[in-house]
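For reference, the chains in residue letters:
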Amino acid sequence: MIEKIKEVVKKLFKEDKIDIFIGYGEGTLPLRTTPCFITGPDNIEKLVWNSYCFNNLAVYLPRFFLPQLQKKDLKFPRIGILAKGCDGRSIVGLIKEHQIPRENLYIIGINCSGMIDIEKVQNAVYKMQEVEIVSAKEKSGKVLVENEDNKKVELKKEELLAEVCKNCQYTAPLIYDVLIGEEKRKTKEKERAAFIKEFEKKPLEERWKYFQEQVSKCIRCYACRQACPNCYCKECFADQTRPKWIGATENISDIMFFQIGRILHQAGRCVDCGACVRACPMGIDLRIFTYKLIEDVKEFFGYEAGISLEEAPPLATFKPDDKQEFITEP
Amino acid sequence: MENAKLKIIKKKDVLKFLDSLKKEYDIFVPIEKNGDIRFSKFNSEKDIPWNYRNTKIPPKEIFFPQTETLFSFEAGTSTLSNGSMTFTPIDESKSSAPGNKNYLIFGIRPCDAQAFSLLDKLFGGDDFQDPYYLEKRKQAIIISLACNKPQITCFCTSLKGKPDNEEGADIILFDLGENILTKPITKKGEEFIENLDSWFKEAKKSDVDKKNELMDLSLKKICSGVNLQNIKEKLDEAFDISFWNEIHQKCLGCGICTYLCPTCYCFDITDEIDHVAGGLAPSRGKRIRCWDSCMFPLFTLHASGHNPRLTYKERMRQRIMHKFNYCPENFKEIFCVGCGRCIRNCPVNLDLREVLVSLMSLGSLCKDKKI
Amino acid sequence: MENKNNWEPKIVAFLCNWCSYAGADLAGVSRTQYPSNIRVIRVPCSGRVNPFYIIKALQNGVDGVLVSGCHPGDCHYISGNLIARRKFALLKSFLEYIGIEPGRVQFSWVSAAEGGRFAQIIEKVTGEVKKLGPIKKMVKEF
């Protein structure tokens, strides 16, 4: 597939259709790739496509189209971007929220077969920190990892897929200019929300304990926010001083406020790409909370984020007969 | 002969050894928690993860915690003539004092120990003395643990480090398998071991040989490196070169690299005010300092709304310049120890080594390359 | 000093200017009795209530929060309460999901003519919050 990608990108540069292309380049660590910005046809060879291209590239788009750039009479760049299903849905969200102009984008959609969760590789073979993986090779559904003592272990890719990818239902973007690759995977609808349902069954106090436990790991590096394409606010509520919503310390109540606030802001916008979970250095289980809102939005308002450009965002609209069993009656 | 000071303690005795010191010292050891290893207070741990590579959160948090109350105050009884309240500081000795115990940091990696010696230059420099840091630091004994198995992200050898680097530590330990070889580095360390002599035995030549062999092997395993010769001079000329236009592109602007860096020391000071018992007037408060990061836009945001480091580019440049240019200027030291935490934990694999390599590979920074 | 036996909850009530606030007014002028545990904050519309206000109130140690607006269809601004209804549905469900007692945060519709209904709702909410006891979760400790 990488040859096809390179071919398309080369053509785009040749026909002068884009100024910048955002894709993935070789990473410096095993099981990693790195976002790669290409400005001309000479650097196309840098591009790669494998099972570690997990970064959501849509996060980079809004910064090219900031209003202050427009004021300076600068022409907005034309951007080509490689988009997996999740990236594509994020792009839809950003277009819908008027953060990026569709006409300045050339979306190369790619059918993604799921990305590998590094933690899973490490936990699958070795106990934490005991062995260092020095290289990894991928070949037809299998991953060959090698440790520092030249021991090799072969693992099945299927078993290493990130949770978000395992349950992905849109492997290719819904809006694109070119689509590469064929759809291969279909995931079972029922299994997707199983972990939410299970969590809901737990007693209230147990749920609170889990939430507290997860939140207490947070060091407030804001990687979850920064990695999220939806978090493009010029000033995050966490940084605001008037009003000052939260203090600057590691006070657990403040961190809870931040996490609840950020997750609520994702209501009807989160596409479950898993960027926040992957970015978090402390391994906070954010998805169990973000996915709840996805489920609720679907159940209450029949809305799914990043699917269509026309449908109004769920919190900007209403139906006269919206669910209201939660309203207190005397 | 140097080797005379080398002592041996049985690995299985170490826990007992630490336990016996519990009353005298606040002991910090690497402890496994939530799937990560972090320096925490030694209580009655069953084991020490001898094979741990390094902690995710650097041990700087022991002396320079993420959140630290500098002092607290409460509403005074006297009111000013205009009716506003006065605040009286609460007895300083009560706020944030580390207690009378000494600190014993056991088993930190040599790179992190070196980081302490860098932080000492900042917090204990000639111009400013930071009482909060120094109070804890002065009483502390640092016992480092040489690396038998460095990580692929380690590049300490490009800076001043190596697997058995002694800078910043009072005693260095070598894990020889069943035995731990101890080597005092400072006078403080020497005295510490002398006072607890009954726990130790003289090291044999075979132990020393084994140690040397392990360290040679370990050194060979650090295979990534950057030649940083004259990087300060290079950066002197580099503030406005086009290099910065591209290097920041993939940065997300999170605080991982700075928060997890053992030498990053920037902090923010805020007041937290409490309204006791539902009263409208603030009745008590505290002044807090907490970690801040140059990667956040808020770091340089002025009250006027102007931000001198508006984009990722300026912030990324600041991080590199601060570590590799400003600090060498001010403290004659590069503020990086090559622990690799920023590389390992970066969500977009923005590799500091790569940035440095491409920086060093720039030819002479002639004027026409500037922005 | 707070005594366990005669502890009274503090409840913040965000009341919309056009209906619920007037409803409270009516309850007052009609001399209808209701518990004095609520602290009223008048807002232009229930749609004005940012979910953050509610979380912030809990963080500051308020034992319960009530948001009350016009009945659906009666909003002074046509649809403010209907937009709010969507926000609140998600908020309420989410807070319960993470383990905050459902009784702590409540929503209701009270029109300007429903003084009696207002009193009944306050009665009910106060009773429920009282049963839950003083808030412990989310509260910021100084």
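Residues numbered from 1 in each chain as written. Chains lettered and ligands numbered in written order. Predicted model: local features only at pLDDT ≥ 70, side-chain atom pairs only at ≥ 80, totals over all residues.

## Overview of the domain arrangement of chain B
Residue and element names in this part refer to chain B. We count it as follows: Domain delimitation in this document rests on an assignment produced automatically or drawn from a domain database. The contact criterion used is a C-beta to C-beta distance within 7 Å, with each C-beta placed from the backbone. Strands here mean DSSP runs of E at least two residues long; helices mean DSSP runs of H or I at least four residues long; both are numbered from the N terminus. Amino acid classes used here: Ala, Val, Leu, Ile, Met, Phe, Trp, Tyr, Cys and Pro are nonpolar; Asp, Glu, Lys and Arg are charged; the rest, including Gly, are polar.
Taken as a whole, chain B is organised into domain 1 (2-63 + 97-221) and domain 2 (231-369). In this assembly, 21 residues from domain 1 lie in contact with 18 residues from domain 2. Counting residues per element, the side of domain 1 that touches domain 2 draws most heavily on helix α3 (residues 110-123), which supplies 8 residues. A class-by-class count of the residues in the side of domain 1 that touches domain 2 yields 11 nonpolar, 6 polar and 4 charged.

## Quick notes on unusual backbone geometry
All names here are of chain A. For clarity, the threshold we go by: Counting other C-beta atoms within 10 Å of its own, a residue is labelled buried from 20 upward, exposed at 12 or fewer, and partly exposed in the gap between, with every C-beta atom placed from the backbone.
A cis geometry characterises the amide bond from Arg-242 onward to Pro-243, with omega recorded as 0°. Despite not being glycine, Asp-16 shows a phi value in the positive range, around 55°. With respect to the helices and strands, the residue Asp-16 is situated in the loop between α1 (2-14) and β1 (20-26). Looking at Asp-16, the number of C-beta atoms within 10 Å reads 8, which means it is exposed. Not every positive phi belongs to a glycine, and Asp-272 is a case in point at roughly 60°. With respect to the element layout, Asp-272 can be found in the loop between α11 (252-265) and α12 (275-279).

## Thoughts on helix α13 (residues 287-301) of chain A
Applied cut-off: The span expected for a helix works out to 1.5 Å for each residue beyond the first.
End to end, α13(A) covers 21 Å across 15 residues, agreeing with the expected 21 Å (1.5 Å per residue, within 8%). For α13(A), the elements touching its buried residues are α8 (194-201) and α11 of chain A together with α3 (80-98) of chain C. Taken from the residues just after α13(A), A:Gly302 is the one with a positive phi, measuring 60°.

## As for the packing of α8(A) against α13(A)
All names here are of chain A. Defined as follows: Under this scheme, a helix contributes an axis fitted over its contacting stretch, all axes are lines through C-alpha atoms, and angles between N-to-C directions fall in the 0 to 180 degree range. With respect to orientation, any angle under 35 degrees is reported as roughly parallel, any angle over 145 as roughly antiparallel, any angle of 65 to 115 as roughly perpendicular, and every other angle as oblique.
For the pair α8 and α13, interaxial distance at closest approach is 10 Å and the crossing angle is 100°. Judged on the interaxial angle alone, α13 and α8 are roughly perpendicular. Judged by residue contacts, Phe-195, Ile-196 and Phe-199 of α8 engage Ile-288, Tyr-291, Lys-292 and Glu-295 from α13. Here the residues of the contact of α8 with α13 sort into 5 nonpolar, no polar and 2 charged.

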